[in-house]
Amino acid sequence: ETVQVREALVQFMEKLAPGNNPGDENWGWNISSDPCIDAWKGISCDKSMQFVKKIVLDQLNFTGVLDAASVCSAKNLAVLSLSNNNVSGMLTYDISNCTRLTHLYLHGNNFSGNLPGSLSRLSNLKRLVVSDNGFSGGIPDISRVSGLLTFLAQNNQFDGVIPKFEFSNLEEFNVSNNNLSGSIPDVEGRFNASSFLGNPGLCGKPLPNTCPPPVAEKKGSSSKMYLIYLGYVLIGLILVSLIALKVIRKNKRKEKKEIAKKGLQTDAMKDKIISSTSSESKRGGNISEYSITSVESGMGSSSLVVLSSPVVNGLKFEDLLRSPAELIGRGRHGSLYKVTLNSGVTLAVKRIRDWDISRDDFKKRVHIIDQVKHPNVMPIIAYYCSSQEQLVVYEFQQNGSLFRLLHGSENGHLFDWGSRLSVTARIAEALAFMHEGLQGDGIAHGNLKSSNILLNNGMEPCISEYGLSVVNNQDSSFLAPNDSFQENTSSPVNNMSNAFKADVYGLGILLLELLTGKLVQNNGFDLGLWVNSAIREEWTVEVFDKTLIAEGASEERMVNLLQIALKCINSSPEERPSMREVSVIINSIKEYEEKSLSSEA
Ligand SMILES: Nc1ncnc2c1ncn2[C@@H]1O[C@H](COP(=O)(O)OP(=O)(O)OP(=O)(O)O)[C@@H](O)[C@H]1O
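All values reported here derive from a predicted model rather than from experimental measurement.

**Some words on the overall build of the chain**
Part 1 of the argument: Secondary structure assignment for the chain yields 16 helices and 23 strands.
Part 2 of the argument: Here the chain, with 601 residues, has 48% of them falling under the buried criterion.
Part 3 of the argument: For the chain, contacts bridging at least 24 residues in sequence account for 52% of all contacts bridging at least 6.
Part 4 of the argument: Total accessible area computed for the chain in this model is approximately 29,100 Å², and 51% of it derives from carbon and sulfur atoms.

Given below as structure tokens:
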């Protein structure tokens, strides 16, 4: 194996067995020897003794974490087995870099967090065993892995429904003793109850408890009964709406009085929600508005759905309303509030504006997005939706956004060329990953820009608000001046792929922003148009940010990045590269940069 692979494997071992000395004679894991020729413990190689094929380290009392990114540097790895140790932490998305993996055995450890959706990219996987751990969240949909023979996930804390599996191909399947719910899919007679027991919310064959009939079937059998019930429901709704309207008016009057008395002390968040509730009521009133109102009057509500997040376990809508909230900004698609909970946890609550999406579609969309996780994409930790109001909750990121880093008081001075390049490489990779995972559902980011790229505690870029807006024809920020979106919207397929190509356009503009240090739009100035015209006039070097020139950034690499940016903002969406293509090119520019730095050194 190459030096890089040896180094990565040693790092993997150091993280797996902190405090041990894996380089000692018995183990042999050190970079001055070869894992195949010098037979590192637990490693088996191919016949030519060139590539690591198996790593089997069972029952060795390891107490560290699994560094998937490092171990997957061994590109030919087919078997990874760490069963019956004390390994903790998460199985990260990088596991999908082990593209040749056929067997992954992680049972009998202390793993926690979600199983990454990226497992669905391991197309060669045959046996996946994650039983007897502390995994939680939904089981990802890995039905794309058509050759899967074993899926054992018993004795964890998985919740949600059982996703699609190709049961006809599976030899072993067990999800017993979790918190799964809903009806069991058709297992085609291949598995018995023992594969599903110990999930109080599961029902249907092969378990003995049948599932309750769907709500629709419960309604009266005769159409007459149905009409009578409908009448009652309508009267009930009208009454509820009238009461809600009265309560809201009263509250508003009281509130106005208080504001007049004390000045504007109420926090922005409550203010917003109260006013939205009353404006919604004016538009017609419905049950969910009533649920907001009932929160206001302290009756409680369960409308906030918390997805997987240890930070805000059990968070309620009331908690959000009661906590101090600060309006951070008002964008085109809504407002953002910083909410500080009693526990000290700070959240970013996005209140989406004017999105014509039904409740069911919104919920479905959020849950689909939640299935595809990437460390550089901010996970939605909770959401709330009524028919006209959508709130989405993220962790608040204290380090601000890429926009602030570039255009804030330091004016990009703290953001050197190397960091800009690696940030773009990460963003492009993350977007390519999301596009691949969500292609089938047609969910692109929809609003890619530097204020939606936040910096986490480790100053890693995190893409926020993925999938929270749908590109429309009027959305000029995503369309080049002569863009052909308008013509293409007649075809839904085109529309979908255009949404992904609109993200590519957004990334192109982001690259230009990083290269030039200029604002995208400013008093009639348009960055894309300006760069294009500067290049036509052959002023290429003049477009680059002066701070990059001053630090001596490689002109060649800046031009390479500029070229890919221009491809991304091609006025015709079909001519733009795919996000994966962009990611590959940026990565190669980055590698080139790193090589040239090390050779200079
Ligand atoms: N999770 C977060 N943590 C910290 N700051 C955030 C977070 N999410 C967004 N912000 C910042 O809050 C501000 C307002 O965000 P918001 O999303 O409302 O506006 P926007 O991105 O400018 O517009 P748009 O509505 O088009 O997305 C921006 O400066 C953004 O960088």
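**Here's the deal with unusual backbone geometry**
Part 1 of the argument: Here the residue pair Lys205 and Pro206 is connected by a cis peptide bond, since its omega of 5° sits within 30 degrees of zero.
Part 2 of the argument: With respect to the secondary-structure elements, Pro206 resides in the loop between strand 13 (201-203) and helix 3 (215-218).
Part 3 of the argument: In this model, Asn155 sits at a positive phi of 60°, which is unusual for a non-glycine residue.
Part 4 of the argument: Along the polypeptide, Asn155 turns up in the loop between strand 9 (150-152) and strand 10 (157-160).
Part 5 of the argument: By relative accessible area, Asn155 is classed as partly exposed at 30%.
Part 6 of the argument: Despite not being glycine, Met459 shows a phi value in the positive range, around 60°.

**Focus: a nonpolar patch on the surface**
Part 1 of the argument: On the surface, Ile235, Leu239, Ile243 and Val247 cluster together to form a nonpolar patch covering roughly 350 Å² of accessible area.
Part 2 of the argument: Mapped onto the elements, Ile235 comes out in helix 4 (residues 223-262).

**Remarks on the nonpolar core**
Part 1 of the argument: With 61 residues, the main nonpolar core has Ile55 and Leu80 as its most contacted residues.
Part 2 of the argument: Looking at this core, the elements with two or more residues in it are helix 1 (3-16), strand 1 (43-45), strand 2 (52-56) and helix 2 (68-71).
Part 3 of the argument: Take this core: its biggest share by element is six residues, from helix 1.
Part 4 of the argument: Leu402, Ala432, Leu515 and Met579 belong to the second-largest nonpolar core, a separate cluster that totals 55 residues.

**Thoughts on the site of the ligand**
Part 1 of the argument: The local shell around the ligand holds 21 residues, among which Lys350, Gln397, Lys449, Ser451 and Glu465 are the closest.
Part 2 of the argument: Between a nitrogen atom of the ligand and a main-chain N or O atom of Gln397, the distance comes to 2.8 Å.
Part 3 of the argument: Here an oxygen atom of the ligand sits 2.7 Å away from a polar atom, N or O, in the side chain of Lys449.
Part 4 of the argument: Taking 600 Å² as the accessible area of the ligand by itself, protein coverage stands at 87%.
Part 5 of the argument: Broken down by secondary-structure element, the contributors of at least two residues to the shell around the ligand are strand 15 (325-331), strand 16 (334-340) and strand 17 (346-352).
Part 6 of the argument: In the shell around the ligand, the residues fall into six nonpolar, ten polar and five charged.

**Notes on a positive patch on the surface**
Part 1 of the argument: Together, Lys47, Lys53, Lys54 and Arg100 make up a region of like positive charge exposed at the surface.
Part 2 of the argument: If you trace the backbone, Lys47 turns up in the loop between strand 1 and strand 2.

**A look at the environment of His374**
Part 1 of the argument: Assignment of secondary structure puts His374 in the loop between helix 8 (359-371) and strand 18 (382-385).
Part 2 of the argument: For the pair His374 and Pro116, spaced 258 residues apart in the sequence, the C-alpha separation amounts to 8.2 Å.
Part 3 of the argument: His374 has contacts with Tyr93, Glu429, Ala430, Phe433 and Met434, leaving out every residue within four places of it along the chain.
Part 4 of the argument: At 3.3 Å, the side chain of His374 and the side chain of Tyr93 are in polar contact.
Part 5 of the argument: A distance of 3.0 Å separates a polar side-chain atom of His374 from the backbone nitrogen of Asn376.

**Observations concerning the sheet that holds strand 18**
Part 1 of the argument: One open sheet accounts for six strands, arranged 14-18-19-17-16-15; its pairing is antiparallel. What marks the edges here is a single partner per strand, and that holds for strand 14 (304-306) and strand 15. Across the sheet, the axes of successive neighbouring strands diverge by a mean angle of 20°, strand direction being ignored.
Part 2 of the argument: Judged from the three bridges that link them, strand 14 and strand 18 form a sheet pairing that is antiparallel. Bridge pairing links Leu304 to Tyr384 in strand 18.

**Comments concerning the pairing of strand 17**
Part 1 of the argument: Within strand 17, seven of the seven residues are buried, which leaves it mostly tucked inside the rest of the structure.
Part 2 of the argument: Neither face of strand 17 is exposed, since Thr346, Ala348, Lys350 and Ile352 on one face and Leu347, Val349 and Arg351 on the opposite face are all buried.
Part 3 of the argument: Bridge analysis of strand 16 against strand 17 gives seven bridges, and the strand direction is antiparallel. Looking at the pairing, Lys338 lines up with Ala348 of strand 17.

**Concerning the packing of aromatic side chains**
In this description, a pair of aromatic rings is defined by centroid distance and the angle of the planes.
Part 1 of the argument: In this structure the tally under the stated criterion is 17 aromatic pairs.
Part 2 of the argument: Where Tyr93 meets Phe433, the ring centres are 5.6 Å apart and the plane angle is 75°; that geometry is what we call edge-to-face. Remark: Phe433 occurs in helix 10 (residues 417-438) and Tyr93 occurs in the loop between strand 4 (88-89) and strand 5 (103-105); sequence separation between them is 340 residues. The pair formed by Tyr93 and Phe433 is uniform in burial state, with each residue classed as buried.
Part 3 of the argument: Each member of the aromatic cluster is reached from another via a ring pair, and the members are Phe151, Phe165, Phe167, Phe173, Phe191 and Phe196.
Part 4 of the argument: Stacked on the ring of Trp27, the Lys or Arg Lys41 has its end atom at 5.4 Å from the ring centre.
Part 5 of the argument: Over the aromatic face of Tyr592 sits the side chain of Arg557, whose NZ or CZ is 5.1 Å from the ring centroid.

**A short note on the sheet that holds strand 13**
In a beta sheet, neighbouring strands pair by backbone hydrogen bonds and run either parallel or antiparallel.
Part 1 of the argument: With parallel pairing, six strands are arranged side by side in an open sheet as 4-6-8-10-12-13. Looking at the sheet topology across the chains shown, the edges are occupied by strand 4 and strand 13.
Part 2 of the argument: Judged from the two bridges that link them, strand 10 and strand 12 (residues 179-183) form a sheet pairing that is parallel. For Asp159, the partnering residue across the bridge sits in strand 12 and is Asn179.

**Section: the state of the cysteines**
Part 1 of the argument: What the rule picks out here adds up to three disulfides.
Part 2 of the argument: Each sulfur of the disulfide joining Cys36 and Cys45 lies 2.0 Å from the other. Around the S-S axis, the bridge from Cys36 to Cys45 shows a dihedral of about -90° and counts as left-handed. No difference in accessibility class separates Cys36 from Cys45, as the two residues are buried.
Part 3 of the argument: A disulfide bridge connects Cys203 with Cys211, and the sulfur atoms are separated by 2.1 Å. Disulfide Cys203 to Cys211: torsion about the S-S bond roughly 100°, handedness right-handed.
Part 4 of the argument: Note on Cys211: relative accessible area 28%, which makes it partly exposed.
Part 5 of the argument: Along the chain, the cysteines engaged in disulfide bonds are linked according to the scheme 1-2, 3-4, 5-6 when indexed in sequence order.

**Some thoughts on the confidence of the model for the chain**
Part 1 of the argument: Taken residue by residue, the chain gives an average pLDDT of 81. The fraction at 70 or more is 82%.
Part 2 of the argument: Confidence, read as mean pLDDT per element, is least for helix 6 (residues 287-296) in the chain (29) and greatest for strand 21 (residues 461-463) (96).
Part 3 of the argument: Note that residues 472-493 has pLDDT below 50 and, in this model, 45 contacts with residues that lie over four places away or in other chains.
Part 4 of the argument: Across the whole predicted complex the pTM is 0.55, and at the interface the ipTM reaches 0.97.

Definitions and cut-offs
Residues numbered from 1 in each chain as written. Predicted model: local features only at pLDDT ≥ 70, side-chain atom pairs only at ≥ 80, totals over all residues. Heavy atoms only, no water. Helix = DSSP H or I, 4+ residues; strand = E, 2+ residues; numbered from the N terminus. Buried < 20%, exposed > 50% of the residue type's maximum accessible area, 1.4 Å probe, protein only. Contact = heavy atoms within 4.5 Å. Areas by Shrake-Rupley, 256 points an atom, 1.4 Å probe, with all protein chains shown as cover. Patch = residues over 30% accessible without salt bridge, like charges linked within 9 Å, V, L, I, M, F, W, Y side chains within 5 Å. Salt bridge = Lys/Arg side-chain N within 4 Å of Asp/Glu carboxyl O. Core = buried A, V, L, I, M, F, W, Y, C linked by side-chain atoms within 4.5 Å. Near = heavy atom within 4 Å. Polar contact = N/O pair within 3.5 Å; in protein donor to acceptor, adjacent residues only side chain to side chain. Nonpolar A, V, L, I, M, F, W, Y, C, P; charged D, E, K, R; others polar. Lys, Arg positive; Asp, Glu negative; His and termini not counted. Charge placed at Lys NZ, Arg CZ, Asp CG, Glu CD. Pairing = 2+ DSSP bridges. Axes fitted to C-alpha atoms, helices over the stretch in contact; angles between N-to-C directions. Phe/Tyr/Trp six-rings, centres within 6.5 Å; stacked < 30°, edge-to-face > 60°. Lys NZ or Arg CZ within 6 Å of the ring centre and 35° of its normal. Disulfide = S-S within 2.5 Å. pLDDT = per-residue confidence, 0-100.

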